[in-house]
Each structure stands twice: as C-alpha cells, then as structure tokens.
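# Descriptive analysis of the structure
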Amino acid sequence: MPTLPNSMWSIVNDRVNSLPPAQIRAFDDEISAIPGLVKLTLGEPDFNVPDHVKRAAEKSIEDNDSHYSASRGTIELRQAISAYLQRTRGVSYDPEKEIIVTVGGTEAITATTFALLNPGDKVIVPTPIFSLYFPSVSLTGAEPVTVNTAAQGFLLTADRLEEELAKYGDQVKAVVLNYPNNPTGRTYSRAELTALAKVIKDHQLLAIVDEIYSELVYDQPFTSLASLVPDQTVLINGFSKSHAMTGYRLGYLAAPAEVVDQVSKMHSFMVTCANDTAQAAALEALTNGQDDPVEFRQHYQQRRDRLASAMRKMGFEIAVPDGAFYLFAKIPAKYGDDDFKFARELARKAKVGVIPGSAFGPGGEGHIRLSYAAADQNIDLAIDRLADFMKN
Ligand SMILES: Cc1ncc(COP(=O)(O)O)c(C=O)c1O
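All residue numbers refer to position in the chain's written sequence, counted from 1. Only residues with pLDDT of at least 70 get local features here, since the model is predicted, and only at 80 or more are side-chain atom pairs given and counted; chain-wide, interface and lining totals rely on the full set of residues. Calculation of side-chain values draws on the structure's entire complement of heavy atoms; hydrogens and water are dropped beforehand.

## Details of the pattern of salt bridges
Should a side-chain nitrogen of Lys or Arg be within 4 Å of a carboxyl oxygen of Asp or Glu, the pair is scored as a salt bridge. Within the structure shown, the criterion is met by 22 salt bridges. Among the ionic pairs, Arg303 bridges to Asp376, the shortest N-O distance being 3.2 Å. Of this pair, Arg303 sits in helix H11 (residues 292-313) while Asp376 sits in helix H13 (residues 376-391); the two residues are 73 residues apart in sequence, bridging distant segments of the chain. Through salt bridges with shared partners, one network takes in Asp46, Arg303, Arg306, Asp376 and Asp380. Comment: elements are numbered from the N terminus, with helices defined as DSSP H or I runs of at least four residues and strands as E runs of at least two.

This is the structure in structure tokens:
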C-alpha cells in the first residue's frame with residue numbers, strides 16, 4: 001500500500017487540510033455498522049426514479065448518446081429548464097446565455113463560489129444550513145459569516161440581514177439562502193422574501209439561492225427570490241429531490257449572462273459537461289414528469305405529519321416543517337444539549353439513526369435532524385423505538 005512519506009506532508013493544500021471531512025457522511029458512516037439500525041439520516045429519497053424517466057435514460061444509451069454535450073448542457077434540456085422556471089416562478093432565462101446544467105446542485109454551488117468569490121470577501125450564511133456552504137465558500141479564501149437564525153424560527157429576517165451588513169459593510173459580497181431549508185424544513189413567505197429582496201437590492205449583494213427542495217413545499221406556494229431580484233440572483237436547482245434522481249447527479253443554475261459566463265468557465269474546468277444520459281433523463285423528467293413530484297410530495301406530507309405528531313407527543317419541539325423532507329427537533333432539556341452525544345446514544349441504545357444538528361452550523365446545537373425520505377415501515381419502527389427510548 002503506498003504511504004506518503006512524512007517529509008512530504010507539506011504537499012497537501014493548507015485550506016483543504018484545515019477542513020474536517022463532510023460531517024453528515026462521517027456520522028452516518030460511524031453509526032451505520034450498528035446492527036438493526038433504522039436510518040433517518042441521509043437526504044436521499046427512498047422512491048425509485050419514475051419509469052418514464054428510466055426509459056428515456058435507456059433510449060439515450062441505445063441511441064449512442066455517449067459523447068460530450070455542449071459544456072453548458074444540451075440545448076433541449078436548457079430550453080426545458082427555461083420553460084420550467086418560467087412556468088413555476090414567472091422568471092425568464094435565455095437558454096443560450098443564462099443557464100448551465102451541472103453535476104448536481106453540488107457542482108452548481110461550488111462552481112458559483114469559485115467563479116465569483118475573491119479571498120477576503122465575506123458571505124452571509126444563515127445557519128443551520130446544508131453544510132457544503134461552509135467549505136465551498138472558505139476554500140475560495142472568502143469567509144462565511146454565519147448568522148444563527150434559531151431565535152427567529154430558523155429564518156433570516158430583513159432586519160437581521162441589515163444588522164449583519166452594518167457590522168461588515170462593503171466586505172460582504174453575497175448572501176446564501178436555502179429554502180425550503182435543509183435541515184430545518186423552514187421556508188420563506190413572499191412577504192418575507194420581498195423584505196429580504198429590498199435589502200439585497202439596496203446593498204447590491206449577490207444572492208446565491210438554493211431552491212433544490214422547491215417542489216417539496218407543503219402548506220403554501222413557493223416564491224423564488226429570482227422573481228423579485230433577478231439581476232442579482234444565482235438560482236440553483238436540480239433533479240435529486242424533485243425526481244428522486246440523486247445518483248444521476250444532475251442540477252443546474254440560472255443567472256444573468258455576465259455571471260453565467262464566469263461560472264461556465266469554472267464548470268468546464270471542473271467537469272467539461274454533465275453526463276449525456278442523465279441529461280436525456282432530466283429532459284424527460286421536465287417535459288413529461290411534471291406530476292412526479294406531486295405524488296412524492298403527498299407521501300412525504302403524510303410521513304411528516306405522522307412523525308411530527310409522534311415526536312411532539314414525546315416532548316420534542318419541532319421547527320415548523322414547511323417543506324423538504326426533514327424534521328429539525330430540539331432535544332428535550334433533561335437530555336442536555338450535546339446533540340452528538342444524544343444522536344450516538346439514540347443509535348446505540350434505540351437503534352435509530354439521525355444527524356446531530358450542530359453538523360449544520362451555529363443554531364443547530366441541541367437539535368437532531370430526522371429525514372422522512374424513508375420507507376413508511378422504517379418511519380413507524382423509528383417512532384416506536386424513539387418512544388421507548390424517551391420513556392426510559
Ligand atoms: C440544500 C441542498 N442543496 C444542494 C444539495 C445537493 O444536491 P445534489 O448535488 O444531489 O443535486 C443538497 C443535498 O442534500 C441539499 O440538501
């Protein structure tokens with residue numbers, strides 16, 4: 001087995017070396033060996049990819065659709081994305097100039113931060129949030145300014161954004177918004193977004209808006225920030241959550257052409273283009289699979305209601321679960337606020353796997369995230385086991 005000589009350890013990149021590995025995966029790996037564990041850990045839909053989408057993928061393979069596509073994605077898929085964004089959000093993006101198809105939302109996030117941020121820039125990151133935002137900002141030499149939103153019901157208010165901007169002034173280049181949010185499930189109303197959009201416009205901030213859960217909003221309509229402040233928004237979305245296509249690794253971003261030109265360079269340096277067959281499948285998902293997420297959403301909503309009501313009865317306080325497929329639950333005071341310790345005990349003693357809230361940044365401490373993108377019988381089993389654990 002090759003081993004890097006100690007004397008050569010300095011070849012590693014200091015910024016990468018200073019970061020811990022992705023905590024969600026690391027915790028999931030740590031507990032996965034526990035026999036009989038029922039896992040509500042990962043944000044991975046348990047549904048299969050819809051059949052008509054699979055057929056489109058098969059056809060693409062049969063048709064020898066096996067070459068590099070245009071770097072920004074096939075024009076047919078970009079046109080379908082443009083039509084989808086127009087239909088669902090009332091926003092207009094030119095498929096030729098203002099859309100890039102990426103390798104998941106993940107690549108859209110990293111390509112955006114690397115193309116737009118400079119060392120020393122500050123980026124406001126309301127927390128708790130999907131943890132990729134911390135390294136994808138800090139690896140560029142920019143600094144994530146975390147804003148703990150726990151006291152505001154896990155939402156960034158316009159006043160709070162103003163307060164943070166007053167502290168840092170012109171050093172702040174961008175703000176990240178992810179809603180419905182991973183891990184809290186919270187989302188913003190149109191009125192809340194309108195107030196935020198005003199601050200974003202007044203201070204000429206770039207808004208990096210992650211809408212990957214936009215098809216999974218339960219009790220209210222979804223409003224895109226891009227419909228309020230299109231000239232300053234990078235809209236990120238993908239197919240992992242809407243069409244259960246996590247393994248196809250397909251996402252996209254839409255933004256003003258000047259921004260897209262820069263992000264497009266990073267995208268081609270990193271991946272050249274997204275996978276052809278996945279793009280054919282995504283085209284089918286957008287053209288003939290508009291109702292696929294509706295069916296998923298109905299199942300998720302039933303699971304959410306069952307799990308939330310059972311957990312409230314057990315004494316957990318739960319963030320209002322407006323969307324996505326997570327519950328973010330406050331650990332009852334008598335168990336202390338060490339969420340890693342609580343999640344480890346839950347895994348070991350009750351055989352229920354959840355993610356400790358502090359993996360998602362400040363404000364997540366003392367909480368656990370449960371993913372209800374899991375089979376019904378696993379949710380029922382988890383409820384029974386949690387109830388026993390909390391009683392004893
Ligand atoms: C908020 C958020 N953004 C982006 C992603 C990345 O998704 P993907 O790269 O599978 O499109 C995830 C995955 O869990 C997420 O929760």
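## A closer look at the nonpolar core
Only buried Ala, Val, Leu, Ile, Met, Phe, Trp, Tyr and Cys residues count toward a nonpolar core, and they belong to the same one when joined by side-chain atoms within 4.5 Å. A 1.4 Å probe rolled over the protein chains alone gives each residue an accessible area, and that area as a share of the maximum for its type sets the label: buried under 20%, exposed over 50%, partly exposed in between. Counting 53 residues, the largest nonpolar core has Tyr300, Leu307, Met311, Phe316, Leu346, Ile368 and Leu370 as the members making the most contacts within it. When residues of this core are traced back to their parent elements, those giving at least two are helix H2 (23-32), H11, strand E10 (326-330), helix H12 (339-350), strand E13 (367-371) and H13. Residues lining this core come from more than one domain, with at least three contributed by each of domain 1 (13-48 + 292-391) and domain 2 (51-288). The contact rule is simple, with two residues in contact once any of their heavy atoms fall within 4.5 Å. Ignoring sequence-local partners within four residues, the contact set of Met311 consists of Phe316, Ile318, Leu327, Ala329, Leu370 and Leu386. Membership of the second largest hydrophobic core comes to 26 residues, among which are Ile129, Ile236, Leu253 and Val263. Note that the domain bounds were set by an automatic or database domain assignment.

## Thoughts on the site of the ligand
We call a residue near a molecule or strand whenever a single non-hydrogen atom of that residue lies within 4 Å of it. Taken together, 13 residues lie near the ligand, and Gly105, Thr106, Asp210, Ser240 and Lys241 sit nearest. Identification of polar contacts relies on pairs of N or O atoms within 3.5 Å, with a donor-acceptor requirement for protein atoms, meaning one able to donate a hydrogen and the other able to accept it, and with residues adjacent in sequence counted only if both atoms are side-chain atoms. Within the side chain of Thr106, one N or O atom sits 2.6 Å away from an oxygen atom of the ligand. One nitrogen or oxygen atom from the side chain of Tyr213 is found 2.7 Å from an oxygen atom belonging to the ligand. In isolation the ligand offers 400 Å² of accessible surface; the protein chains occlude 93% of this area. To measure how exposed things are, a 1.4 Å probe is used in the Shrake-Rupley method; for residues, cover is taken only from the protein chains shown.

## Let's talk about the side chain of Glu107
Note that Glu107 resides in helix H5 (residues 104-116). Although Glu107 is buried, it makes no salt bridge; Arg249 carries the closest opposite charge, 8.8 Å away. Just so you know, the count uses Lys and Arg for positive and Asp and Glu for negative, and it drops His and the chain ends.

## Section: unusual backbone geometry
Residue Pro128 is reached from Thr127 by a cis peptide bond, and omega for that bond is 0 degrees. By secondary structure assignment, the location of Pro128 is in the loop between strand E3 (122-127) and helix H6 (133-138). The omega torsion across Asn182 and Pro183 is 25 degrees, close enough to zero to call that bond cis. Secondary-structure assignment places Pro183 in the loop between strand E5 (172-178) and helix H8 (190-202). Positive phi outside glycine occurs at Phe154, with the angle close to 65 degrees. On the secondary structure map, Phe154 appears in the loop between strand E4 (143-148) and helix H7 (158-168).

## Considering H7
Every buried residue of H7 is accounted for by Ala158, Arg160, Leu161, Glu164 and Leu165. Projected onto a plane normal to the axis of H7, the buried residues spread over an arc of 160 degrees and lie on a single side. Opposite the buried face of H7, at more than 90 degrees from it, the exposed residues are Asp159, Ala166 and Lys167. Next to the buried residues of H7 lie E3, E4, E5 and H8. Remark: Gly169 follows H7 within two positions and exhibits a positive phi of approximately 55 degrees. Here the arc refers to the directions that run from the helix axis out to each C-beta atom.

## Considering the sheet that holds strand E8 (residues 251-254)
Strands pair in a sheet through their backbones, by hydrogen bonds, and they do so in one of two ways: parallel or antiparallel. Taken together, the seven strands give an open sheet; going across it, the order is E2-E8-E7-E6-E5-E3-E4, and neighbouring strands pair in mixed fashion. The open sheet has two edge strands, strand E2 (99-102) and E4, and neither has a second partner. If you compare each strand with its neighbour and ignore which way they point, the axes differ by 20 degrees on average. In this fold H7 packs onto E3, E4 and E5, with an angle of close to 140 degrees to the strand it touches most, E4. The pairing criterion is simple: DSSP has to find at least two bridges between the two strands. Lines fitted to C-alpha atoms define the axes, with helix axes restricted to the stretch in contact, and inter-axis angles between N-to-C directions lie between 0 and 180 degrees.

## Quick word on the packing of aromatic side chains
Two rings from Phe, Tyr or Trp (for Trp, the six-membered ring) form a pair when their centres sit within 6.5 Å of each other. Planes less than 30 degrees apart are called stacked, planes more than 60 degrees apart edge-to-face, and all others tilted. In this structure the tally under the stated criterion is 16 aromatic pairs. On the numbers, 5.5 Å between centres and 85 degrees between planes, the contact of Phe154 with Phe328 is edge-to-face. You can see Phe154 sitting in the loop between E4 and H7 and its partner Phe328 sitting in strand E10, a full 174 residues away along the chain. The exposure class assigned to Phe154 is buried, which follows from its relative accessible area of 12%. By relative accessible area, which is 0% here, Phe328 ends up buried. Summarising the aromatic geometry, the rings of Phe239 and Tyr252 are spaced 5.8 Å apart at their centres and angled 55 degrees between planes, so their arrangement reads as tilted. Taken together, the residues Phe239 in the loop between strand E7 (233-238) and E8 and Tyr252 in strand E8 connect sequence positions 13 residues apart. Exposure remark for Phe239: the relative accessible area of 2% places this residue in the buried category. On the basis of relative accessible area, Tyr252 is assigned to the buried category, the value being 1%. Among the aromatic residues, those joined into a cluster by ring pairs are Phe47, Tyr213, Phe296, Tyr300, Phe325 and Tyr326.

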